[in-house]
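Here's the letter readout for the chains.
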Amino acid sequence: MKEPIQSSRDVIIQTDNWARAIEFYETVLGFPVTHRSPTLMGFETGAFCLYVEKGTRPGPVFDFLVPDMETTRSRLLSAGCEVVEEDPAVPRCYIRDPFGLVFNIEQQ
């Protein structure tokens, strides 16, 4: 039996309106900052950690922890998924499933 993929608590959004998004989540919603860097801010929301990243990809990206990156990536591509963005330096492997959901897979 294949090892199951598990979600992490991380949800990522990208925005080209960085300053306004940071102000909204930190000031208007009052989420505590958990991570701060020049291109990524993390906020604790309670049920999940919201990461706001400089970028232009719309919509949320969920994060899944996998036991083996290459095996899982191959299995997903064989099932009709496609790689949207990949950067081993981050590490990041954004996948779009056949139904439109975009998620990141990362090694457990």
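Throughout what follows, the structure given in this document is the object of discussion.

**Some details on the pairing of strand β2 (residues 33-36)**
Reasoning step 1: Bridging between β2 and strand β3 (residues 40-44) involves three bridges; their strand directions are antiparallel. Each bridged residue has a counterpart across the sheet, and for Val-33 the counterpart in β3 is Phe-43.
Reasoning step 2: Count of turn residues in the β2/β3 antiparallel hairpin: three residues.

**What about the packing of aromatic side chains?**
Reasoning step 1: One pass over the structure, following the stated rule, counts four aromatic pairs.
Reasoning step 2: When the centroid spacing of 6.0 Å and the interplanar angle of 45 degrees are considered together, the rings of Tyr-25 and Phe-43 count as tilted. Of the two residues, Tyr-25 sits in helix α1 (residues 18-28) while Phe-43 sits in strand β3, which places them 18 residues apart along the sequence.
Reasoning step 3: A relative accessible area of 18% means that Tyr-25 is categorised as buried.
Reasoning step 4: Geometrically, the ring pair formed by Phe-64 and Phe-103 is edge-to-face, given 5.1 Å between the ring centres and 85 degrees between the ring planes. Of this pair, Phe-64 sits in strand β5 (residues 61-66) while Phe-103 sits in strand β8 (residues 102-107); the two residues are 39 residues apart in sequence, bridging distant segments of the chain.
Reasoning step 5: One aromatic cluster is present, formed by Phe-24, Tyr-25, Phe-31 and Phe-43 through successive ring pairs.

**Here's the deal with the sheet that holds strand β7 (residues 92-96)**
Reasoning step 1: Spatially, β2-β3-β4-β1-β5-β8-β7-β6 is the arrangement adopted by the eight strands of the open sheet, whose pairing is mixed. At either end of the open sheet lies a strand with only one pairing partner, and these are β2 and β6 (82-87). Between one strand axis and the next, the sheet turns by 25 degrees as a mean value, whatever way the strands run.
Reasoning step 2: With respect to the sheet, helix α2 (residues 69-78) is in contact with β5, β6, β7 and β8, its orientation differing from that of β8 by roughly 155 degrees.

**Focus on the pattern of salt bridges**
Reasoning step 1: Per the stated rule, a full pass over the model turns up six salt bridges.
Reasoning step 2: Here Glu-44 ties to Arg-9 by a salt bridge, and the two come within 2.6 Å at their closest N and O atoms. You can see Glu-44 sitting in strand β3 and its partner Arg-9 sitting in strand β1 (residues 6-15), a full 35 residues away along the chain.
Reasoning step 3: Judged by relative accessible area, Glu-44 falls into the partly exposed class, the value being 23%.

**Re the layout of surface pockets**
Reasoning step 1: Of the volumes computed, that of the largest pocket is approximately 290 Å³.
Reasoning step 2: If you go around the largest pocket, you meet 14 residues; those closest to its centre are Ile-12, Leu-40, Val-90, Pro-91 and Arg-92.
Reasoning step 3: Of all the secondary-structure elements, those providing two or more residues to the lining of the largest pocket are β1, β4 (49-54), β7 and β8.
Reasoning step 4: Split into classes, the residues belonging to the lining of the largest pocket amount to six nonpolar, three polar and five charged.

Thresholds, definitions, all that
- Residues numbered from 1 in each chain as written.
- Predicted model: local features only at pLDDT ≥ 70, side-chain atom pairs only at ≥ 80, totals over all residues.
- Heavy atoms only, no water.
- Pairing = 2+ DSSP bridges.
- Helix = DSSP H or I, 4+ residues; strand = E, 2+ residues; numbered from the N terminus.
- Phe/Tyr/Trp six-rings, centres within 6.5 Å; stacked < 30°, edge-to-face > 60°.
- Buried < 20%, exposed > 50% of the residue type's maximum accessible area, 1.4 Å probe, protein only.
- Axes fitted to C-alpha atoms, helices over the stretch in contact; angles between N-to-C directions.
- Contact = heavy atoms within 4.5 Å.
- Salt bridge = Lys/Arg side-chain N within 4 Å of Asp/Glu carboxyl O.
- 1 Å grid on protein atoms, 1.4 Å probe; cavity = no way out; pocket = protein on both sides within 12 Å on 5 of 7 lines; lining within 4 Å.
- Points joined across faces, edges and corners; volume = space filled by probe spheres on them.
- Nonpolar A, V, L, I, M, F, W, Y, C, P; charged D, E, K, R; others polar.

Everything listed is a geometric property; what it means functionally is a separate question.
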